[in-house]
Amino acid sequence: MNENKKNSSIAIFGVVFAVIIVLVLGILLVFKMSSKGKTVESMMKHIDVTSAEPVKASISLDDNSLYDELPEITKYPLAVETSADIVIEVMTSPEKAGKDYESWFIDVAEKFNKEEKTTAGGQTIGVNVRSVSSGLAADYIISNKHTPEMFSPSNSLWGEYVNANGGDVTIVKDRLVGNTAGLLIDKKLSYKTFDDIISAVQGGSLNIGYTNPQSSSTGMNLLLSILYAGDSESMFSDAAVENFTKFQNNIPFVAYNTMQMRDSAQKGTLDGMIMEYQTYVNEENINKIYDFVPFGVRHDNPLYIVNEAYLTDDKVEAVNIFADYCMEDSCQKIATKYGFNANDDYKPEMSFSGSEVNKALEMYKANKDNGKDIIAVFVADCSGSMFGDPMDQLKQSLSNGMQYINENNYVGLVSYSDDVTIEVPIAKFDMNQKAYFQGGINGLNANGSTASYDAIVVAMDMIQKELVNHPDAKPMIFLLSDGKQNVGYNFGTIKSSLSESKIPVYTISYTSDGDKDAMQELADLNEGASINADSDDIIYKIKSLFNSQM
């Protein structure tokens, strides 16, 4: 009997002990997940980090074209679609084929289609409209991956660019609707001219943001205008390039897209930004805060015919009939209502050729960092939810995007699921490091849970240690994930330390059903950008991001 009581007591003690252990572990887990204001050093003590043995892999020395990764044109569906004896498509910039005040081309095309215009031979004409950003549309035309009959970018620079890179576009109308690019400067400040603004930025007394010149019409215009201001006789002289590098040296960041730039300005991070007048005049929350200072070539939305030599005479006639229709008073009144056809007194003194555009973009890529090191850690989600196509796309994105990372940068690779693995420590991105980086990519496999914020902490720790050796370097983190964090630290726990670090996080979502809000919140904290894409276009977007930031 006593023996039975003894065994029973031991059993009860064991159960109580087990319950206590579970409670303690639970309390520790809750503390880890919810405590605020932790330092990177203190958080690292509670993260299981493994350092993998770096393995080299062969890398391609071929410069794959960004055109190779263009998504299928179906990613950009027609905004207007019709049927007729002759159907011609116009690929136009989004400010003319979106919603509300950005719907001019849609309104005009629908109006044109209803009137059932005909050629001299009596064939009916219909117009389809596809909204694609000017730079991306130029890539489609140059690569022949999709060639519409008509192309209407924001400005003439893209027409020059297309023809200088093997495409074939011929001007039909120099101007469909009038517009201008501008620098937006806080009304409380006293800068009123382009030269004054550029000088203030160069002197460190003004913070402005601009968009990537390799894809943005206004960004490209700004780049060329700064070079021209530096030496109008020789745009690529030492003086002209120095004028740009002095400007670039005092830019907090180049925005991946217009939305990122506008959000930063609205939060007070920036004193100004670049924007087209038609957008500026329609956005009260912007035009009440900022003055508009026009610059560069006009954004008069020219119309080009694409590959004219390969079109039938009927199609060429149809293009010209539609072009003339766009200039009719009824169509121009719609444009004026939407904010176009303003600032006609602004007449720039400069113009730029396609070869100058190409040379400016080459100069930008070589000088955008002004000799400053970049320290970047790529954080790859290897949890079970990334299994299959998302993981394949992640690996292909990193492999194909490597060629757009400058060799002066310092790069590392981290993977994570339940725990975190340092696949490749940070090192200069020379051929040796590229081989290790590719080896790390090759070894990524999907399984387990998703400790996204633990991995961000590890990346922060790696970067902060590397900054000791390169204190003037520009740090950044790229998180490639489906956004479904479910174990480890949460955003609230790491937010304070990440904010204090000033390290921007660029987030790339690989599925349509991931936690995009969480990814956006993480990117917004330090002026990063968040890319939402599926497997059809993620590789192109990743390469574009690397091309602008690395």
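As the structure is a computational prediction, the values presented were derived from the model and not from experiment.

1. Considerations on the overall build of the protein chain
So, point 1. The helix and strand tally for the protein chain stands at 20 helices and 18 strands.
So, point 2. The burial tally for the protein chain puts 54% of its 550 residues in the buried class.
So, point 3. Sequence-distant contacts in the protein chain: of pairs separated by 6 or more residues, those separated by 24 or more amount to 80%.
So, point 4. For the protein chain, the accessible surface area stands at approximately 23,200 Å², while carbon and sulfur atoms represent 48% of it.

2. Brief notes about the sheet that holds strand S13 (residues 374–381)
For sheets, the rule is that strands pair by backbone hydrogen bonds, running either parallel or antiparallel.
So, point 1. Taken in spatial order, the 7 strands of this open sheet run S1-S15-S14-S13-S16-S17-S18, and their pairing is mixed. Looking along the sheet, the strands with just one partner apiece sit at the ends: strand S1 (49–51) and strand S18 (530–532). Adjacent strand axes in the sheet meet at a mean angle of 20 degrees, parallel and antiparallel pairs treated alike.
So, point 2. Examined bridge by bridge, S13 and strand S14 (residues 410–416) share 7 bridges and lie parallel to one another.

3. Looking at the pairing of strand S3 (residues 86–92)
So, point 1. For S3, a buried count of 6 out of 7 residues is recorded, marking the element as mostly surrounded by other parts of the structure.
So, point 2. Taken together, the 7 bridges between S3 and strand S4 (residues 125–131) define a ladder with parallel strand orientation. When the bridges of S4 are listed, Ile 88 appears paired with Val 127.
So, point 3. One crossover worth recording links S3 to the parallel S4 by way of helix H3 (residues 104–115), and it is right-handed.
So, point 4. Both S3 and strand S5 (residues 150–152) contribute to a ladder of 3 bridges, which runs parallel. Across the sheet, Met 91 pairs through a bridge with Phe 151, a residue of S5.

4. Examining the sheet that holds strand S2 (residues 78–80)
So, point 1. Strands sit in the order S2-S4-S3-S5-S12-S6 across an open sheet of 6 strands; the sheet is mixed. Edge strands, defined here as strands with exactly one partner in the open sheet, are S2 and strand S6 (169–173). Along the sheet, successive strands turn relative to each other by an average axial angle of 35 degrees, direction set aside.
So, point 2. Sheet strands in contact with H3 are S2, S3, S4 and S5, and its direction is about 165 degrees off that of S4.
So, point 3. Sheet strands in contact with helix H5 (residues 157–164) are S5, S6 and strand S12 (303–306), and its direction is about 155 degrees off that of S6.

5. A few points about the confidence of the model for the protein chain
So, point 1. When pLDDT is averaged across the protein chain, the result is 87; 86% of the residues are at 70 or more.
So, point 2. Across residues 27–35, confidence stays below pLDDT 50; counting only partners more than four residues off in sequence or on other chains, it has 15 contacts.

6. Considerations on the nonpolar core
So, point 1. Within the largest apolar cluster, 67 residues are counted, with the highest numbers of intra-cluster contacts made by Phe 151, Leu 183, Tyr 210, Leu 222 and Phe 247.
So, point 2. Per-element accounting of this core gives the leading share, 7 residues, to helix H7 (residues 217–230).
So, point 3. With sequence-adjacent residues up to four places away left out, Phe 151 is seen in contact with Met 91, Ser 134, Ala 137, Ala 138, Ile 141, Trp 158, Val 162, Val 169, Pro 302, Leu 303, Tyr 304 and Val 306.

7. Some thoughts on the pattern of salt bridges
So, point 1. Under the definition given, this model contains 15 salt bridges.
So, point 2. Note that Arg 298 and Asp 344 form a salt bridge whose closest N and O atoms lie 3.3 Å from each other. With Arg 298 in the loop between strand S11 (290–295) and S12 and Asp 344 in the loop between helix H13 (329–337) and helix H14 (354–367), this pair connects stretches of sequence that are 46 residues apart.
So, point 3. A residue is classified by how much of its surface remains accessible, and Asp 344, at 36% relative accessible area, is partly exposed.
So, point 4. Where Asp 461 meets Lys 465, a salt bridge forms, and the shortest distance between an N and an O atom there is 3.1 Å. Of this pair, Asp 461 and Lys 465 both sit in helix H17 (residues 452–467), 4 residues apart, roughly one helical turn.
So, point 5. Salt bridges here are not isolated pairs; linked through shared partners, they connect Arg 175, Arg 298, Asp 300 and Asp 344.

Calculation criteria
- Residues numbered from 1 in each chain as written.
- Predicted model: local features only at pLDDT ≥ 70, side-chain atom pairs only at ≥ 80, totals over all residues.
- Heavy atoms only, no water.
- Helix = DSSP H or I, 4+ residues; strand = E, 2+ residues; numbered from the N terminus.
- Buried < 20%, exposed > 50% of the residue type's maximum accessible area, 1.4 Å probe, protein only.
- Contact = heavy atoms within 4.5 Å.
- Areas by Shrake-Rupley, 256 points an atom, 1.4 Å probe, with all protein chains shown as cover.
- Pairing = 2+ DSSP bridges.
- Axes fitted to C-alpha atoms, helices over the stretch in contact; angles between N-to-C directions.
- Right-handed = clockwise from strand over helix to strand, strands pointing away.
- pLDDT = per-residue confidence, 0-100.
- Core = buried A, V, L, I, M, F, W, Y, C linked by side-chain atoms within 4.5 Å.
- Salt bridge = Lys/Arg side-chain N within 4 Å of Asp/Glu carboxyl O.

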